[in-house]
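# Observations on the three-dimensional arrangement
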Amino acid sequence: MKKDHQYASPVFTVDSVLKRTIPLLLNRKVFGLIVLFMMISILVKLAIPRYHPFLWLLGLVPFYFFQGVMARVVYSVLTDGRETVGTAFLKTLTKLPSLTVAFVIMGVSIVLGYYLLVIPGLVMTSYLAVTLPACAVESLGPFAALRRSCKLVSGQGFRLFLLAVVMGIVLILAGIASAAVTGFVKNMFGFRAGEQAVFAIYNLPMAFGQVMYAVTYQKLRAVKEGPNVDHLAKVFD
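The present account deals with the structure reproduced in this document. (Residues numbered from 1 in each chain as written. Predicted model: local features only at pLDDT ≥ 70, side-chain atom pairs only at ≥ 80, totals over all residues. Heavy atoms only, no water.)

## Structural notes on the overall build of the protein
Note the threshold: Strands here are runs of E lasting at least two residues and helices are runs of H or I lasting at least four, both read from the DSSP assignment and numbered beginning at the N terminus. Remark: exposure states derive from per-residue accessible area (1.4 Å probe, protein chains only) relative to the maximum for the residue type, with buried under 20%, exposed over 50%, and partly exposed in between. Note on definitions: a residue-residue contact is assigned when non-hydrogen atoms from the two residues lie within 4.5 Å. To be clear on the numbers: accessible area is Shrake-Rupley with a 1.4 Å probe, and residue cover counts the displayed protein chains and nothing else.
Looking only at helices and strands, the protein has 11 helices and 0 strands in total. The secondary structure elements of the protein, listed N-terminal to C-terminal, are α-α-α-α-α-α-α-α-α-α-α. The buried share among the 237 residues of the protein stands at 44%. When contacts within the protein are restricted to residue pairs at least 6 apart in sequence, long-range pairs at least 24 apart make up 76% of them. Carbon and sulfur atoms make up 74% of the accessible area of the protein, which totals about 12,000 Å².

## Remarks on the packing of helix H3 (residues 61-78) against helix H4 (residues 85-94)
Our working rule: Angles here are taken between N-to-C directions and fall from 0 to 180 degrees, while the axes themselves are lines fitted to C-alpha atoms, restricted in helices to the stretch in contact. Angular relationships are summarised with four words: roughly parallel below 35 degrees, roughly antiparallel beyond 145, roughly perpendicular across 65 to 115, and oblique for the angles in between. Throughout, a crossing is termed right-handed when the near helix is turned clockwise from the far one, and left-handed when it is turned anticlockwise from it by less than a right angle. By the convention adopted, Pro, Cys, Tyr, Trp, Phe, Met, Ile, Leu, Val and Ala count as nonpolar, Lys, Arg, Asp and Glu as charged, and the other residues, Gly among them, as polar.
It is the contact of H3 with H4, at a shortest axis distance of 9 Å, that shows an interaxial angle of 130 degrees. Taken together, the axes of H3 and H4 lie oblique to each other. Crossing of H3 against H4: the hand is right-handed. Contacts from Phe65, Phe66, Gly68, Val69, Arg72 and Val73 of H3 reach H4 at Val85, Ala88, Phe89, Lys91, Thr92 and Leu93. Residues belonging to the contact of H3 with H4 are distributed by class as follows: 8 nonpolar, 2 polar and 2 charged.

## Re the pattern of salt bridges
Pairing is possible between side chains that carry opposite charge, provided their charged atoms lie close to one another. Heads up, the rule is: By convention in these notes, a salt bridge is any Lys or Arg side-chain nitrogen within 4 Å of a carboxyl oxygen on Asp or Glu.
Across all of its chains, the model carries 5 salt bridges by this definition. Among the salt bridges present, the one from Asp15 reaches Lys19, with a minimum N-O distance of 3.2 Å. Residue Asp15 and its partner Lys19 are located together in helix H1 (residues 14-24), separated by 4 residues, close to a single helical turn. The exposed category is assigned to Lys19, whose relative accessible area is 57%. The network of salt bridges with common partners includes Glu138, Arg148, Arg221 and Glu225.

## Re the nonpolar core
Inclusion rule: The set of buried Ala, Val, Leu, Ile, Met, Phe, Trp, Tyr and Cys residues whose side-chain atoms join them within 4.5 Å is what this entry labels a nonpolar core.
Core analysis: the largest hydrophobic core is formed by 48 residues, its most contacted members being Val30, Val74 and Leu160. For this core, the elements supplying multiple residues, two or more each, are H1, helix H2 (28-47), H3, helix H5 (96-116), helix H7 (131-137), helix H8 (142-153), helix H9 (157-189) and helix H10 (191-225). Per-element tally for this core: the top contributor is H3, with 10 residues.

## Considerations on the side chain of Gln156
Its place among the elements puts Gln156 in the loop between H8 and H9. A residue is classified by how much of its surface remains accessible, and Gln156, at 12% relative accessible area, is buried. Ignoring any residue separated from it by four or fewer positions in sequence, one finds Gln156 in contact with Phe12, Leu220 and Val223.

Listed below in structure tokens is the structure:
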């Protein structure tokens with residue numbers, strides 16, 4: 001019988017990723033990062049002028065930066081446990097230019113894929129899913145991280161597509177929740193407060209996605225390279 005275990009016959013399934021992700025949400029390091037991500041995202045949103053044609057892009061920086069930090073922390077929690085949150089922040093900060101370029105390439109590729117034909121967009125969404133974790137954890141450049149993601153996802157594309165569907169369902173549920181809450185907040189505290197309520201609610205599934213894809217990255221590595229890969233090479237350099 002197959003065992004979903006870090007050190008014996010690892011398998012990659014949607015079920016195994018979700019079973020690993022959900023308990024991690026309450027891990028002390030991971031939960032603290034989620035709270036910090038939401039706070040910083042809201043502060044950045046408040047600091048940026050509304051509807052500015054360019055500055056609103058700065059609001060995306062916390063998302064992909066924290067994806068890198070989360071990937072390092074989650075990978076450490078699931079393997080050797082040596083990475084501290086502070087170290088993860090500093091190491092990810094040095095990779096911010098690479099993360100930025102990788103994020104832009106991913107976004108453009110996925111959007112073009114959906115715009116031209118839906119199928120290429122789905123393929124891009126699946127095969128580039130662990131680009132940011134690979135960039136942050138393995139200290140790769142943007143193009144190397146894109147290639148690394150494709151290599152890790154190879155043979156598991158349909159399962160990555162199913163994970164994207166799960167993420168879509170989570171976003172839909174967040175949309176329903178925000179619709180229920182926003183009107184009340186707007187009436188009580190004003191339009192601006194209502195906007196922030198929507199933003200905060202949508203940050204929750206974003207944080208969930210960060211953890212889920214960090215787990216996905218770790219499990220793909222374990223399946224592709226063996227469960228003890230972290231002991232064979234020094235990843236956190």
